[in-house]
Amino acid sequence: MTLRIGCIADDFTGGTDVAAAFRRAGLRTALVFGTPDTATELPPDCDAAVVALKSRSAPAGEAVADSLAAQRWLWAKGAAQTYFKYCSTFDSTPQGNIGPVTDALLDAAGSSVTLHCPASPPNGRTVYQGHLFVHDQLLSDSPLRHHPLNPMTDSALTRLLSPQTRHRVGLIDWATVRRGVQAVREAVTAHQQTGVRHIVADALTDDDLAVLGAAALELPVVAGAAGLAEGLGHAYPATAPATTESTPSRGRAAVLAGSCSARTLEQIAQFYAAGLPSLHLDVLAAATGRDVTGEALAWYDAQEPALPVLIYASASPEELAAVQAQLGVAEAAAQVEELLGTLATHLVERGVRRLLVAGGETSGAVTTALGIRAVLVGEEADPGVPWTYATTGDSDLALMLKSGNFGAPDLFTRALAAPAQEST
Ligand code: ADP
């Protein structure tokens, strides 16, 4: 069986989000961290593979080069269609990277038209008359107008895209989408005949996205957020059974947290309040050469094996500021990532088979330390937070990679609630 959809996500969290969307649509989906190389293997029999890049805020030339490398790799694995996943708030600058990356993917595929839709109705992102709404506000009236990297001061997607491409930009409005798949296909053809290359489509509901997905089935390149990916996924007849792994229960369970986001701090507090063993890492002591890793492992070895444990560097805003003032922001982050990466490898050696990692950067550090390049996506514990399955050495590992603000406050205890069973 061969891969059908190859997806390129412009950031790591977006990669997990879109991979979970393809899986919800019934596709067996793999997630690959960073630009793959010839040695990167996919789990067998995948319908969809998502390569998660860090290209959203990179210089446009670099974003294009990385995306093209990912597209070539996905083609080599058999993917016939490319999906470019960007943010549901169309996070970009006047220079890109949505326009330049989509244009490059289209050129490489020899295609002259693509459909764009960043709508994500469950998260309140809808598109009407080409304008992006965040719940009941236009994007430009929402808090995203103050985004630290890319302030969004316009809501008209056609106007946002135009300066990012030398090609024409058009719209398929909601009235057309409501008329169904055939009407959308005809509108795509009509736009194509007048030289429009980027077509923004309206969508208010998941049903609208299902119509767009079915209409886009034959397009070599499609672009948008996780909602359109799910619509597209539903349009593919399932050939492999979706991964049905439910919450894993085999082997010891641990959380490694490096995220200092408010939600992660709540999840840590909830874990502690549930009476489960947790250990705070002293980052300053580690920086002065104390064997914080050795101490943490001795603590781990003394815990009741049936219970999940939490080891965290995460700190309150005050503590974080104090550590950063002493070590510098970059050095503090490097210390934490080194600590958590090293601990991850030791914990897996000691029999941890369920590992929840909190923090986007922290997840990158842990997967790198474990040598994991690709995982198979399983059941979501919370929206956008799926279990994933990896192989490290000769053992299987269930891994949950959580971006800082994701997941309900009880995620840690709920996801790891099953008492550890014998690992096989
Ligand atoms: P999030 O997804 O919440 O943004 P990340 O893991 O991406 O989480 O980012 C958190 C950053 O904070 C990481 O770079 C991590 O190394 C750093 N960090 C975590 N704990 C501490 C600490 N105690 N002192 C200094 N930096 C820390």
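Residues numbered from 1 in each chain as written. Predicted model: local features only at pLDDT ≥ 70, side-chain atom pairs only at ≥ 80, totals over all residues. Heavy atoms only, no water.

1. Let's talk about the overall build of the chain
Here comes step 1: Secondary structure assignment for the chain yields 15 helices and 18 strands.
Here comes step 2: The C-alpha radius of gyration of the chain comes to 22 Å, within 12% of the 22 Å expected for a compact globule of 424 residues.
Here comes step 3: When its C-alpha atoms are laid out on the principal axes, the chain stretches across 70 × 45 × 35 Å.
Here comes step 4: The buried share of the chain, reckoned over its 424 residues, is 56%.
Here comes step 5: A separation threshold of at least 6 residues defines the contact pool for the chain, and within that pool the share at least 24 residues apart is 74%.
Here comes step 6: When the accessible surface of the chain is totalled, it reaches about 16800 Å², and 53% of it is carbon and sulfur.
Here comes step 7: The positive charge centre, built from 28 side chains, and the negative charge centre, built from 44, are 5 Å apart in the chain. (Helix = DSSP H or I, 4+ residues; strand = E, 2+ residues; numbered from the N terminus. Rg over C-alpha atoms; globule rule 2.2 N^0.38 Å. Buried < 20%, exposed > 50% of the residue type's maximum accessible area, 1.4 Å probe, protein only. Contact = heavy atoms within 4.5 Å. Areas by Shrake-Rupley, 256 points an atom, 1.4 Å probe, with all protein chains shown as cover. Lys, Arg positive; Asp, Glu negative; His and termini not counted. Charge placed at Lys NZ, Arg CZ, Asp CG, Glu CD.)

2. Focus: the site of the ligand
Here comes step 1: Within the structure, the ligand sits among 20 residues, and S259, S261, A313, E361 and T362 are positioned closest to it.
Here comes step 2: The backbone of A313 places a nitrogen or oxygen atom 2.8 Å from a nitrogen atom of the ligand.
Here comes step 3: Here an oxygen atom of the ligand and a side-chain polar atom of T362 are 2.6 Å apart.
Here comes step 4: For the ligand, whose unbound accessible area comes to 580 Å², protein coverage reaches 84%.
Here comes step 5: Its residues assigned to classes, the shell around the ligand shows nine nonpolar, nine polar and two charged. (Near = heavy atom within 4 Å. Polar contact = N/O pair within 3.5 Å; in protein donor to acceptor, adjacent residues only side chain to side chain. Nonpolar A, V, L, I, M, F, W, Y, C, P; charged D, E, K, R; others polar.)

3. Let's talk about the nonpolar core
Here comes step 1: One finds F22, Y83, L212 and L355 to be the most contacted residues of the largest nonpolar core, which totals 130 residues.
Here comes step 2: If you count residues domain by domain, this core takes at least three from each of domain 1 (5-235) and domain 2 (252-417).
Here comes step 3: Those residues within four positions of F22 in sequence are excluded, and the remaining contacts are I5, C7, L27, T29, A48, V50, Y83, A229 and G233. (Core = buried A, V, L, I, M, F, W, Y, C linked by side-chain atoms within 4.5 Å. Domains from an automatic or database assignment.)

4. Quick look at the packing of helix α7 (residues 206-215) against helix α8 (residues 226-235)
Here comes step 1: Interaxial distance between α7 and α8 falls to 7 Å at its minimum, and their mutual angle equals 60°. With respect to each other, α7 and α8 are oriented oblique. Crossing geometry of α7 relative to α8 is assigned as right-handed. Facing L209, A210, L212, G213 and A214 of α7, the residues of α8 in contact are G227, L228, G231, L232 and A235. (Axes fitted to C-alpha atoms, helices over the stretch in contact; angles between N-to-C directions. Parallel < 35°, antiparallel > 145°, perpendicular 65-115°, else oblique. Left-handed = near helix turned anticlockwise from the far one by under 90°.)

5. Points about the domain arrangement of the chain
Here comes step 1: Each assigned domain of the chain is listed with its residue range as follows: domain 1 (5-235) and domain 2 (252-417).
Here comes step 2: Look at where the C-alpha atoms of domain 1 and domain 2 centre, and you get two points 31 Å apart.
Here comes step 3: Taken together, the contact pairs 22 residues of domain 1 with 16 residues of domain 2.
Here comes step 4: Across the domain 1 to domain 2 interface the summed buried area is about 1500 Å²; carbon plus sulfur atoms make up 60%.
Here comes step 5: Connecting domain 1 to domain 2 are three salt bridges.
Here comes step 6: Across the salt bridge formed by E361 and K54, the nearest N and O atoms sit 3.4 Å from each other.
Here comes step 7: For the pair domain 1 and domain 2, the interface holds eight residue pairs in polar contact (both at pLDDT 80 or more).
Here comes step 8: Of all the secondary-structure elements, those providing two or more residues to the side of domain 1 that touches domain 2 are α1 (12-24) and β2 (29-33). (Buried area = accessible area lost by both parts, 1.4 Å probe. Salt bridge = Lys/Arg side-chain N within 4 Å of Asp/Glu carboxyl O.)

6. Some remarks on the packing of helix α13 (residues 329-349) against helix α14 (residues 360-370)
Here comes step 1: Two numbers describe how α13 lies on α14: the axes approach to 8 Å, and their chain directions differ by 45°. The angle between α13 and α14 places the two elements in the oblique class. By crossing handedness, the relation of α13 to α14 is classed as right-handed. From α13, E337, L340, G341, A344, T345 and V348 reach across to α14, where they touch E361, T362, A365, V366, A369 and L370.

7. Looking at the packing of aromatic side chains
Here comes step 1: Scanning the entire structure with this criterion turns up five aromatic pairs.
Here comes step 2: Joined through ring pairs, the aromatic side chains of F84, Y86 and F90 make up one cluster. (Phe/Tyr/Trp six-rings, centres within 6.5 Å; stacked < 30°, edge-to-face > 60°.)

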